[in-house]
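Descriptive analysis of the structure
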Amino acid sequence: AANALLKILEEPPRDLAFVVLTEHPSDLLPTIVSRCRMIRIPPPSRDTIARRLTDTGYTEDEAAWLGGVALRDGELERLLAERIDVLSAREEAMAALRGGPILDLIGAALGEDPIRRYGALLLLVARIGAQDAETLTIGVRTLAQQDREALARFLQELLSASFDLLRSPFDPASERPPIPEIREHVGLARLQALCRAIDAAYRSIVVYGPPEAVLLSLMLTPGGDGDGE
């Protein structure tokens, strides 16, 4: 199908334009990408998401927290259509996942519930930062078995969660839990190193690097200088 599309793109009918939509240009043949004019459409800003949520009845605190969640297609619309108690759902998800088996954590991080997924991503950052043995073994093997699209999306969302840990001032009194304890546990220098490593892992996966080797390299990222102060 891709080769058939390429032929039409090379010799298009008169007065006909194609609009090709993809989350990742790497999903397409390089020869198709080279014949297209690329227009990047950014996701809505946090402020835009927060305004839409407060307009439908969410509190400012709930809307601000949800604005940092890596929402997938359609999830914002579901949150707008069905008002939920965000803060309670967040605390319940974190309590259920913290200290649990790595398979449960990865399942939640790949799952369809955005609040539970985001909590799982934050806890995975903490485990990766600690070079947790279960994450390095069972976690790496489990993630490596995912298809490349799911794995690339997971790494993008893991990077988003890691950036969220870095964005806010390091002032526990002004933070929403559980970010302060995770940041204190991992440390600023290690978080910065992890962000670079996650980005490198994503780039390797989309160009068909070996998943298990890429993930193991990510999990063994050095901590960097300093202790996060």
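All values reported here derive from a predicted model rather than from experimental measurement.

The rules we used
- Residues numbered from 1 in each chain as written.
- Predicted model: local features only at pLDDT ≥ 70, side-chain atom pairs only at ≥ 80, totals over all residues.
- Heavy atoms only, no water.
- Helix = DSSP H or I, 4+ residues; strand = E, 2+ residues; numbered from the N terminus.
- Buried < 20%, exposed > 50% of the residue type's maximum accessible area, 1.4 Å probe, protein only.
- Contact = heavy atoms within 4.5 Å.
- Areas by Shrake-Rupley, 256 points an atom, 1.4 Å probe, with all protein chains shown as cover.
- Core = buried A, V, L, I, M, F, W, Y, C linked by side-chain atoms within 4.5 Å.
- Phe/Tyr/Trp six-rings, centres within 6.5 Å; stacked < 30°, edge-to-face > 60°.
- Lys NZ or Arg CZ within 6 Å of the ring centre and 35° of its normal.
- Polar contact = N/O pair within 3.5 Å; in protein donor to acceptor, adjacent residues only side chain to side chain.
- Arc of directions from axis to C-beta.
- Salt bridge = Lys/Arg side-chain N within 4 Å of Asp/Glu carboxyl O.

Focus: the overall build of the chain
Counting its secondary structure elements, the chain contains 13 helices and 0 strands. Mapped from its N terminus to its C terminus, the chain presents α and β elements in the order α-α-α-α-α-α-α-α-α-α-α-α-α. Viewed in the frame of its principal axes, the chain has a C-alpha envelope of about 65 × 45 × 30 Å. For the chain, the residues scored as buried account for 42% of the 229 residues in total. Taking as baseline every contact in the chain between residues at least 6 positions apart, the subset at least 24 positions apart corresponds to 71%. Carbon and sulfur atoms form 54% of the exposed surface of the chain, whose accessible area is close to 12,900 Å².

Notes on the environment of Gly-139
Looking at the element boundaries, Gly-139 is found in helix H9 (residues 133-144). Judged by relative accessible area, which is 0%, Gly-139 ranks as buried. The sequence separation of Gly-139 and Ile-102 amounts to 37 residues, and the corresponding C-alpha distance is 6.3 Å. Apart from the residues lying within four places of it in its own chain, the contact partners of Gly-139 are Ile-102, Ile-106 and Glu-134.

Section: the nonpolar core
In this structure, Leu-53, Leu-66, Phe-154, Leu-155, Leu-158 and Leu-218 are the most contacted members of the largest nonpolar core, which totals 56 residues. With 10 residues, helix H8 (residues 114-129) is the largest single contributor of residues to this core.

What about the packing of aromatic side chains?
Enumeration over the complete set of coordinates arrives at 1 aromatic pair. For the pair Trp-65 and Tyr-118, a centre-to-centre distance of 5.4 Å together with 85° between the ring planes defines the contact as edge-to-face. Of this pair, Trp-65 sits in helix H4 (residues 60-66) while Tyr-118 sits in helix H8, and the two are 53 residues apart along the sequence. Owing to a relative accessible area of 1%, Tyr-118 belongs among the buried residues under this scheme. The ring centre of Tyr-58 lies 4.6 Å from the NZ or CZ of Arg-83, which sits over that ring.

A short note on the side chain of Arg-127
Along the chain, the position of Arg-127 falls in helix H8. Engagement of the side chain of Arg-127 in a polar contact is seen with the backbone oxygen of Gly-100, the distance being 2.5 Å. Apart from residues lying up to four places away in sequence, Arg-127 is in contact with Gly-99, Gly-100, Ile-102, Leu-105, Asp-132, Glu-134 and Thr-135.

A short note on helix H3 (residues 46-55)
Here H3 has its buried residues at Ile-49, Ala-50 and Leu-53. Each buried residue of H3 sits inside an arc of 100° when the element is viewed along its axis, so together they form one side. Opposite the buried face of H3, by more than 90 degrees, sit the exposed residues Asp-47, Arg-51 and Asp-55. Next to the buried residues of H3 lie H4 and helix H5 (75-81). Positioned one or two residues after H3, Gly-57 has a phi angle of 115°, which is positive.

Looking at the side chain of Thr-135
Within the element layout of this structure, Thr-135 appears in helix H9. A distance of 2.8 Å separates the side chain of Thr-135 from the side chain of Asp-132, its partner in a polar contact. Setting aside anything within four residues of it in sequence, one finds Thr-135 in contact with Ile-102, Arg-127, Ile-128, Val-140 and Met-219.

Comments concerning the pattern of salt bridges
In this structure the tally under the stated criterion is 13 salt bridges. Where Glu-75 meets Arg-78, a salt bridge forms, and the shortest distance between an N and an O atom there is 3.8 Å. Placement of the pair is Glu-75 and Arg-78 together in helix H5, with a separation of 3 residues, close to one helical turn. Where salt bridges share partners, they join Arg-72, Glu-75, Arg-78, Glu-112, Arg-117 and Glu-157 into one cluster.

Re helix H7 (residues 102-109)
Restricting attention to buried positions, one finds in H7 the residues Ile-102, Leu-105, Ile-106, Ala-108 and Ala-109. All buried residues of H7 fall inside an arc of 160° around its axis, so they share one side. Buried-residue contacts for H7 involve helix H6 (86-97), H8, H9 and helix H10 (148-167).

So, to be careful, I would describe these as geometric facts and stop short of saying anything about function.
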